[in-house]
Structure formats: C-alpha cells, structure tokens
Amino acid sequence: MNRLVTTLMILILGSVINLALATEDKFHFDEPKKDALFLELTKELRCPKCQNQNIADSDAMIAVDLKRKVYDLLQKDYDKEQVIEYMKQRYGDFVYYQPPVNPMTIWLWLLPVLFVFAALVGIVITRKRQGVEMDSEQLAKAQEILERDE
Amino acid sequence: MKKIALYLIPLGLFLGLIIFLYQGLFSNPREHQSSLLEQPMPEFVLPDLMNIEQTYNEDVFLGKVTLLNVWGVWCITCAIELPYLKQLQGEGKHIVGLYFDQDMDPDFGIKTVARVQQEVTDKLSQLGNPYAFNIFDVKRDLSMDLGVTGAPETYLIDQQGKIRLHHIGDINPRVWKNKFAPVYDLLVAQ
C-alpha cells in the first residue's frame, strides 16, 4: 500500500514538473537574440499584483498575461525600450524595476552621497578639533613636568 | 549652546526617520497611481457577456457617468462587493461590468462561453445584479490596456469617456464616501 502511494506521488510529481517545463517552452522564438531579450525583460518587469516578484518568477494570472504580451510584442519586432514603454503606459512606473529619475526619486541617489559627504565633513572637523585639544593638553603636561624638574 | 545644537542634529534625524517609518505602517503598498487617469478609454471591440452577438466599443461610455466594475465569479471579494453595488445601482448609478474569466487561457480556451454565462447567471441571481450590461473581456486585452491587476477593480468614467478614478479592491461605503462620492457628485452636477 505504502509503495503504491509512493509510486503515485512520484508519478504526480513527475507530471507536475513536466507541466512546468512545458509552460517554459511555451514562449519560444526563432531568433536566439529575442529569446535572450525575452528573459531579460521578464526579469526586469515587475508583477503589478504581487509586491516583489518579477513576471518571470510570478505565477499570478496577470504575470502570465504580461509574459504573453511581452512575447507578442517581441514577435512584432518591438525593441526593449518600446516594450517597457508599452507596459509603463498601462501599469505606471511601478511595473519596471529601474525607477525613472525625477524630482521625487532623485533623492534615492542624492541622499546616500549627501550622507557620505556629511559624514566625511563631520569626521574631518572632529579630528581637527581633537588634535588641537590633545596638543594643548600635552603641552601643558610637558610644561608641568619641565617645571617640576627645575 | 553650540554643543546643544550639535546634539540636537541626531535627535532631529532620528525623529524624522521615526515619522517616515511610522507613515509607512499605514500606507498601502498595493495602491499606486494609475497611469490612465484623465485619459480616454482605450479602444476596444468586445462582445456582451450574455449575448455574444452584440459588440461594444469605447463609445458605449459616452454621455453617461459610468462605474466600470472589473469582476468575475471566481473572485471572492467581488461577491462581497456585489450587494453594495446593487445598492448603488438602486440609487441610480450606471454600473457596467467588465467580466473576465480566470480559466480562459487565450492559448487553450478550456471553458465554453455557455458555461461562463451559466456561472454568471447563477451568481447574479443569488447576490443581485447591479450591472446594466457586462462586457466580456475574452482574452483580457482591455484589462491589460486599462492596467487591471486583478479583481475587483473599479473605474469611474465621465460623460466624455475619460477615466477619472481607478480603484483597486472592493467598493464599500467607506471607499465610496471618501474616494468616489466627491468626484461622482461633481461629474453628475455638470
């Protein structure tokens, strides 16, 4: 009985894997260049329904539909930019993992640079001040020792 | 005095961070600005769900303020939303359904139209029918052009056929009052 169950499980698993492979094969291009572009695009386009998955990874219906659309568009000789533009027109900037640079998003790049800059300035200032303080203190100490010796 | 100011900087930064993160607790990551707002309805030619012979295009929305509700019988939240939509329809709102089927794979088409119609009839006779008519988005093309991410979603379309609102999720009294009513009342008053 147990063996029967195991055999059944293996059979079911096998068919599931086959099915998965079959869906992978569904989007096939004649040109290897387009194949590569398809993989690249489905990795960089974000599934609008799921929070953090690209459409290549997601099995949501919308992701499957988007994959099919990317396939259709590539078959129609759209280039990468055109496909991304097509998706952005419908799903907004959200759909592409690379955010556009605009007055709102510029801070994503500016803030880290500003932070590093501010930290550097801070370090330089404290170093300088500490240096001076230590020197005068040591001088006083040295003076004291000198005076004691005399 | 200068020293106090120096100590206040990290405190200020910390408070700023706290406020930023606190706001994040209440923001809805699923909500993002639709890129179709203020745009005319995309072009389409699609059949009526119940009468496949009859087709509609984007001109069907001209002259009326319409709520275009994206739904399907497989969608649980849609079933929760239906009675409230029925109520809105009772108040005189023009509601059109955009129906799409989850199991209808454009490449395989494993479901017959008759079965989809039967399912819809069953569901609507059970929960009430708020729809003036249903557009059948057979291959989910219009949904894609509209930027639909799932169901339920609702669009408010003005008399000129322009999209004025896009709501992801169900419509309930709170959503209607806060999001739809102000725009809807303004449009109807025109």
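Residues numbered from 1 in each chain as written. Chains lettered and ligands numbered in written order. Predicted model: local features only at pLDDT ≥ 70, side-chain atom pairs only at ≥ 80, totals over all residues. Heavy atoms only, no water.

A.B. asks: Is there a simple way to explain the overall build of chain B in this structure?
C.D. replies: Looking only at helices and strands, chain B has five helices and seven strands in total. Reading chain B from its N terminus to its C terminus gives the helix and strand order α-β-β-β-α-β-α-β-α-β-β-α. In chain B, the proportion of contacts linking residues at least 24 apart, taken out of those at least 6 apart, comes to 72%. Surface accessibility of chain B: about 10,500 Å² in total, with carbon and sulfur atoms responsible for 59%. (Helix = DSSP H or I, 4+ residues; strand = E, 2+ residues; numbered from the N terminus. Contact = heavy atoms within 4.5 Å. Areas by Shrake-Rupley, 256 points an atom, 1.4 Å probe, with all protein chains shown as cover.)

A.B. asks: Whenever I open this one, the sheet that holds strand E7 (residues 163-168) of chain B confuses me. Can you help?
C.D. replies: Sheets are built from strands paired through backbone hydrogen bonds, the pairs being either parallel or antiparallel. Residues and elements named next belong to chain B. The sheet built from five strands is open, its strands ordered E5-E4-E3-E6-E7 with mixed pairing. Sheet topology places strand E5 (133-136) and E7 at the edges, where each strand pairs with a single neighbour. The sheet shows a mean angle of 20 degrees between the axes of neighbouring strands, direction not considered. Note: strand E3 (residues 66-71) against strand E4 (residues 94-99), six bridges, orientation parallel. Within E4, the position partnered with Val70 by the bridge is Leu98. Strand contacts of helix H5 (residues 173-189): E3, strand E6 (153-157) and E7, with the helix running at about 170 degrees to E7, the strand carrying the most contacts. (Pairing = 2+ DSSP bridges. Axes fitted to C-alpha atoms, helices over the stretch in contact; angles between N-to-C directions.)

A.B. asks: Honestly, the interface of chain B and chain A in this entry has me stumped. Any pointers?
C.D. replies: When the parts of a complex come together, some accessible area is lost, and that lost area is often used as the size of the interface. Across the contact, 20 residues belong to chain B and 17 residues belong to chain A. Taking both sides of the interface into account, the surface hidden between chain B and chain A amounts to around 1,700 Å²; carbon and sulfur atoms contribute 51%. Along the contact surface separating chain B from chain A lie two salt bridges. A salt bridge links Asp145 of chain B to Arg90 of chain A; the shortest N-O distance between them is 2.8 Å. At the junction of chain B with chain A, the criterion picks out three residue pairs in polar contact (both at pLDDT 80 or more). For the side of chain B that touches chain A, the residue count by class is seven nonpolar, seven polar and six charged. (Buried area = accessible area lost by both parts, 1.4 Å probe. Salt bridge = Lys/Arg side-chain N within 4 Å of Asp/Glu carboxyl O. Polar contact = N/O pair within 3.5 Å; in protein donor to acceptor, adjacent residues only side chain to side chain. Nonpolar A, V, L, I, M, F, W, Y, C, P; charged D, E, K, R; others polar.)

A.B. asks: Would you mind going over the pattern of salt bridges with me for this structure?
C.D. replies: Pairing between side chains of opposite charge can happen when the charged atoms of each approach one another. Residues and elements named next belong to chain A. Inspection of every chain in the model, using the stated rule, returns 12 salt bridges over all chains. A salt bridge links Lys34 to Glu31; its shortest N-O distance comes to 3.5 Å. Glu31 sits in the partly exposed class, given a relative accessible area of 42%. Measuring nitrogen to oxygen at the nearest pair gives 3.6 Å for the salt bridge that ties Glu144 to Arg148. In this pair, Glu144 and Arg148 both sit in helix H5 (residues 106-149), four residues apart, roughly one turn of the helix. Look at the salt bridges and you will find they share partners, linking Glu31, Lys34 and Asp77 into a network. (Buried < 20%, exposed > 50% of the residue type's maximum accessible area, 1.4 Å probe, protein only.)

A.B. asks: Any chance you could explain unusual backbone geometry here in plain terms?
C.D. replies: Trans peptide bonds make up most of the peptide bonds, and negative phi angles are found at most residues other than glycine. Residues and elements named next belong to chain B. Here the bond from Ala151 into Pro152 is cis, since omega is -5 degrees, no more than 30 degrees from zero. Take Pro152: it is sitting in the loop between helix H4 (141-146) and E6. In this structure, Glu38 takes a positive phi of about 65 degrees despite not being glycine. Here Glu38 is to be found in the loop between helix H1 (2-26) and strand E1 (45-47). In this structure Glu38 comes out as partly exposed when scored by relative accessible area, which is 41%.

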